[in-house]
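# Coordinates in review
Listed here are the chains, written in short residue letters.
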Amino acid sequence: MIEFKNVCKWYGDYMALDHVSARVAPGEVVVVCGPSGSGKSTLIRTINRLEPIQQGQIFVDKVDVYNCGSLDELRSQIGFVFQQFNLFPHMSALENLMMAPVMLKRASKADARKHALELLERVGLESKADAYPAQLSGGQQQRVAIARALAMKPRIMLFDEPTSALDPEMVNEVLQVMKALAAEGMTMVCVTHEMNFARDVADMVWFMDAGKLVELAPPDQFFAAPASDRAKKFLQDIRR
């Protein structure tokens, strides 16, 4: 479903992605982890062209991301959940969910409203349909953001540290929604420091350091016997 081929990305002289090659199978859940500044967020943002690349290719369902006809069409297939929610503050939760299907997919307002209400129920927030972001907790806002991404009926969901801006007691409510999506067979790439989520839900763990994809392994193997010294140190630091 997603393929990176020899992908490189620079910020001036700094190499943020260093010849990254990997694949994500349909229905697979990949957790990308690593120390701060390792290139995790940059990598995930290249998938829908939020970040340009200078070398290599990225394919989504065999379509070259950086040589495709319509960027809107590409992005409509890829849901993206950000660290800071990015909800429209002047719109209710329901309106946040309805906007993209109406404007980009030309859905009728009635159909968009029906689907939005179904999605809010799915994330446990049907009672908050008319609430504005400022009236919601951080965990509720992030669940609305996930529902908004799902409103476009994407084939892939990307999560860029979706719980890092949340208070600890709010983290679990967001992770439960992500776990439910994974159980339904959604293709997911998640940048996260939630190692319990990686252990319980991921099919593969990608460990990055200094822009390189250092290690790719199933979670049982990665957590029990990481192959690289850098991954061993990372896990030791987390446990400590």
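Here's what I pulled together on the structure shown here.

Rules used in this analysis
- Residues numbered from 1 in each chain as written.
- Predicted model: local features only at pLDDT ≥ 70, side-chain atom pairs only at ≥ 80, totals over all residues.
- Heavy atoms only, no water.
- 1 Å grid on protein atoms, 1.4 Å probe; cavity = no way out; pocket = protein on both sides within 12 Å on 5 of 7 lines; lining within 4 Å.
- Points joined across faces, edges and corners; volume = space filled by probe spheres on them.
- Helix = DSSP H or I, 4+ residues; strand = E, 2+ residues; numbered from the N terminus.
- Nonpolar A, V, L, I, M, F, W, Y, C, P; charged D, E, K, R; others polar.
- Pairing = 2+ DSSP bridges.

## Here's the deal with the layout of surface pockets
The calculated volume of the largest pocket comes to roughly 590 Å³. In terms of lining, the largest pocket is formed by 22 residues, of which the most central are F80, F82, A100, R148 and M152. Per-element tally for the lining of the largest pocket: the top contributor is helix 3 (residues 93-104), with five residues. Taken together, the residues of the lining of the largest pocket sort by class into 14 nonpolar, five polar and three charged.

## Concerning the pairing of strand 4 (residues 55-60)
For strand 1 (residues 2-11) and strand 4, the ladder comprises five bridges, and the chain directions are antiparallel. When the bridges of strand 4 are listed, I2 appears paired with V60. Both strand 4 and strand 5 (residues 63-64) contribute to a ladder of two bridges, which runs antiparallel. Considered in strand 5, the bridge of V60 is made with V63. Connecting strand 4 to the antiparallel partner strand 5 that follows it, the hairpin turn spans two residues, and D61 within it adopts a positive phi of roughly 50°.

## Focus on the sheet that holds strand 2 (residues 14-24)
Whether parallel or antiparallel, the strands of a sheet pair through hydrogen bonds between backbone atoms. The strand order 2-1-4-5 describes an open sheet built from four strands, whose pairing is antiparallel. Strands with a single pairing partner mark the edges of an open sheet, and in this sheet they are strand 2 and strand 5.

## Structural notes on unusual backbone geometry
Of note, the phi angle at R49 is positive, near 65°, even though the residue is not glycine. Its place among the elements puts R49 in the loop between helix 1 (40-46) and strand 4. Although it is not a glycine, R106 sits at a positive phi angle of roughly 55°. Assignment of secondary structure puts R106 in the loop between helix 3 and helix 4 (109-122).

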